[in-house]
Amino acid sequence: YFCQLLNLVGLAQNKRLDSLLKLIKTDQQDTIKLINLYNLSDEYETINLYPDGLYYGKQAIVLAEFIYNKPNKELIKLCAQKYKGKAHTNIGIIYRKQGNYSEALKNHFIALKSSQQPLCRRREPLQLFPSHRLDKLLHRKKIADRELVF
C-alpha cells in the first residue's frame, strides 16, 4: 500500500512539473511566468533534482530583475521583488543540501536583503529561511572550512 501511495505522489508531481513546463513555454515575460519559474524551481528542489531547481531558480531571478526594472506599478514591482527573494531562498536551500554552504549563505543573505527593501517592508514580509537556521548554516560552513584545511 505504501509503495502505491509513493507512486501516486510521484505521478502527481510529474503532472505538476509537466503542466508548469508547458506554461512557461507560452507565458509572456510577466509575473505569471515568474511565479511559474519559481514553482518549477521549488518542485525540482522537493524531488532532489537540484540542477533543474537551480536552473529555474536562476531564470526566475533574471525575470524578476527584468520586471522590477521596467516601468511598472508598485504592486507588480513588489511581486517581482518577493519572488526574487523566494528564488534566492530556494537556491540557498538547494546549495545547502548539496553541502555548498558558501553559496547557500550568499543566496540566503541576498534574500534577506531583498526582504528589507522599501517595497517589501511597506507591504508584507517575505517568508524566508529562518534566521536561527542561518546560524546553523554558518556553523556548518565553519566546520566544512576547517575540514578543508586539514
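Look a little higher up for the structure.
Residues numbered from 1 in each chain as written. Predicted model: local features only at pLDDT ≥ 70, side-chain atom pairs only at ≥ 80, totals over all residues. Heavy atoms only, no water.

So, about the side chain of Glu43. Looking at where Glu43 falls in the secondary structure, it is placed in helix α2 (residues 31–46). Reaching out from Glu43, the side chain makes a polar contact with the side chain of Arg16 at a distance of 2.6 Å. (Helix = DSSP H or I, 4+ residues; strand = E, 2+ residues; numbered from the N terminus. Polar contact = N/O pair within 3.5 Å; in protein donor to acceptor, adjacent residues only side chain to side chain.)

This part is about unusual backbone geometry. Residue Asn48 is not a glycine yet carries a positive backbone phi of 65 degrees. Note on placement: Asn48 falls in the loop between α2 and α3 (50–69). Overall, Asn48 belongs to the partly exposed group, its relative accessible area being 47%. (Buried < 20%, exposed > 50% of the residue type's maximum accessible area, 1.4 Å probe, protein only.)

Time to look at the side chain of Ser41. Turning to its location among the elements, Ser41 is positioned in helix α2. Exposure remark for Ser41: the relative accessible area of 0% places this residue in the buried category. Those residues in contact with Ser41, other than ones at most four positions away along the chain, are Gly53, Tyr56, Gly57 and Asn90. (Contact = heavy atoms within 4.5 Å.)

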